[in-house]
Amino acid sequence: MAVPFFDLTRQYAALEDDIRPAIDQVLRSQQCIGGPVVAELEEQLARYVGVRHAVGVSSGTDALLLSLMALNLKPGDEVVTSPFTFFAPIGSVMRLGATPVFVDIEPDGFNLDPTRLTEAIGPRTRALLPIHLFGQCAQMDQVMAAAYSPTGEALPVIEDLAQALGAQFEGRQAGSFGAAGCVSFFPTKNLGAAGDGGMVFTDDDALHERLRLLARHGARPKYHHIEVGGNFRLDAIQAAILSVKLRHLEAFCERRRAHAAYYDEALAGLEGLTLPSPGPGHQPVHNQYVVRVADRARLVAHLQQRGVGSAVYYPEALHTQPALKALGYQRGDFPRAEKACEEVLALPIFPELRVEEREQVARAVREGLQPGAPAT
Ligand SMILES: Cc1ncc(COP(=O)(O)O)c(C=O)c1O
């Protein structure tokens, strides 16, 4: 039996009877841009996250770009963030001509090390951008406590919760800590659309107004442009699909947690393997279940041979990527992030993963780590 790394068809098959009529309703109404379906999803998700406002947007990347635009980020401005993540948050900072300033990740986790923030914050710092990687919140108490300029002014925090909708830290939802929280509805995310989509969460009335203005080409009223914005809209068809899935979000999150708890137990104590270890106060929703493996290539080969999917997030840290060369970082600047790139391996986890499949994953991992196990 092969175990897929991810299988989206199962969720669709389970919800098809609800999703198809929801799409048809939008098509019949022909209110495909904006309208009540988008507004209702925004309202429901704002309530879920625990903030007053949510703005549906075209992708997680655009959620980040729009939020940074709303902060008036300009060339020369700096944003402190992590070098161990997907490219989107860093690319968004750079598209505005601003400069990402990296701090290394925690010694025993994958999120930015909050104890490094103060030394990275300087007179040009305009925002902090923590990423809740793999579905676990960054250490938000310490991030928020560090979010001050050298002269003591509060710095806005933009949370990237692309992978972490539903995750909590100290009883608060990811996306509710900072000035803005940016989520992705990429199909494999905790709440996935049938295409691209995203949302920005905020509790700040003024920021909310700016987000809406900039998401509509800076027009107020229509065709009178007071700023340069863009088209960052969420399609109504995607919103209809997401609304159906939202009814099941907590169940999806619970199933991800149950799979993670199973792996935690079934893979505990194996030599050469380090399991994710969320600290006190964290309640992750594992969008990925990422282990560290001393001899990754050998384990990957074994899993392949057993038909078990796996993936590497991320094979290369951002500070050594060609697109960031001009920033002048060198290999060796962020040793923890670089080491993570050599060791990380994501195992299959998605709500519809079957019990017998996760058992097979655990069996294959155990076998693959045994000394003398054949690599292929
Ligand atoms: C951490 C992180 N940030 C941002 C994004 C961007 O989201 P999208 O693909 O919806 O643009 C992703 C998507 O994979 C992500 O993993």
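Residues numbered from 1 in each chain as written. Predicted model: local features only at pLDDT ≥ 70, side-chain atom pairs only at ≥ 80, totals over all residues. Heavy atoms only, no water.

**Some words on the environment of E16**
One can find E16 in helix α1 (residues 8–29). Among the residues examined, E16 registers a relative accessible area of 30% and is labelled partly exposed. Sequence separation between E16 and F5 is 11 residues, and the spatial gap between their C-alpha atoms is 22 Å. (Helix = DSSP H or I, 4+ residues; strand = E, 2+ residues; numbered from the N terminus. Buried < 20%, exposed > 50% of the residue type's maximum accessible area, 1.4 Å probe, protein only.)

**A short note on the site of the ligand**
Among the 15 residues in the neighbourhood of the ligand, the closest are listed as G60, T61, D160, S184 and K189. S184 is positioned such that a nitrogen or oxygen atom in its side chain is 2.7 Å from an oxygen atom of the ligand. Only α3 (60–70) and α4 (88–95) provide two or more residues apiece to the shell around the ligand. Of the residues belonging to the shell around the ligand, the class tally is 6 nonpolar, 7 polar and 2 charged. (Near = heavy atom within 4 Å. Polar contact = N/O pair within 3.5 Å; in protein donor to acceptor, adjacent residues only side chain to side chain. Nonpolar A, V, L, I, M, F, W, Y, C, P; charged D, E, K, R; others polar.)

**Quick look at the sheet that holds strand β4 (residues 125–129)**
Taking strand neighbours across the sheet as the criterion, the 3 strands line up as β3-β2-β4 in an open arrangement whose pairing is parallel. Edge positions in the open sheet fall to β3 (99–102) and β4, since each of these has one partner strand only. Neighbouring strand axes in the sheet, compared pairwise and without regard to direction, differ in orientation by 30 degrees on average. Note that strand β2 (residues 78–81) and β3 share 4 bridges and pair parallel. (Pairing = 2+ DSSP bridges. Axes fitted to C-alpha atoms, helices over the stretch in contact; angles between N-to-C directions.)

**A look at the sheet that holds strand β1 (residues 53–57)**
Pairing is mixed across the open sheet formed by 4 strands, whose spatial order is β1-β9-β8-β5. Whereas interior strands pair on both sides, the edge strands pair on one side only; in this sheet they are β1 and β5 (158–160). Geometrically, the sheet is characterised by an average inter-axis angle of 20 degrees between neighbouring strands, direction not taken into account. Here β1 pairs with strand β9 (residues 198–202) via 5 bridges, running antiparallel.

**Concerning unusual backbone geometry**
The peptide bond linking R220 to P221 adopts the cis configuration, its omega dihedral lying at -10 degrees. Within the element layout of this structure, P221 appears in the loop between α7 (205–214) and α8 (236–246). In this structure, Y314 follows Y313 across a cis peptide bond, with omega equal to 10 degrees. Relative to the helices and strands, Y314 resides in the loop between α10 (296–305) and α11 (335–343).

**Structural notes on the domain arrangement of the protein chain**
Each assigned domain of the protein chain is listed here: domain 1 (8–102 + 111–246) and domain 2 (249–369). Each of domain 1 and domain 2 was reduced to a C-alpha centroid, and the two centroids are 24 Å apart. At the junction of the two partners, domain 1 supplies 38 residues and domain 2 supplies 38 residues. Between the two partners, domain 1 and domain 2, sit 2 salt bridges. Linking E357 and R10 is a salt bridge whose minimum nitrogen-to-oxygen distance equals 2.8 Å. Our enumeration of links across domain 1 and domain 2 arrives at 20 residue pairs in polar contact (both at pLDDT 80 or more). Elements that contribute at least two residues to the side of domain 1 that touches domain 2 include exactly α1, α4, β3, β6 (168–169) and α8. For the side of domain 1 that touches domain 2, the element with the most residues is β3, which contributes 4 residues. (Domains from an automatic or database assignment. Contact = heavy atoms within 4.5 Å. Salt bridge = Lys/Arg side-chain N within 4 Å of Asp/Glu carboxyl O.)

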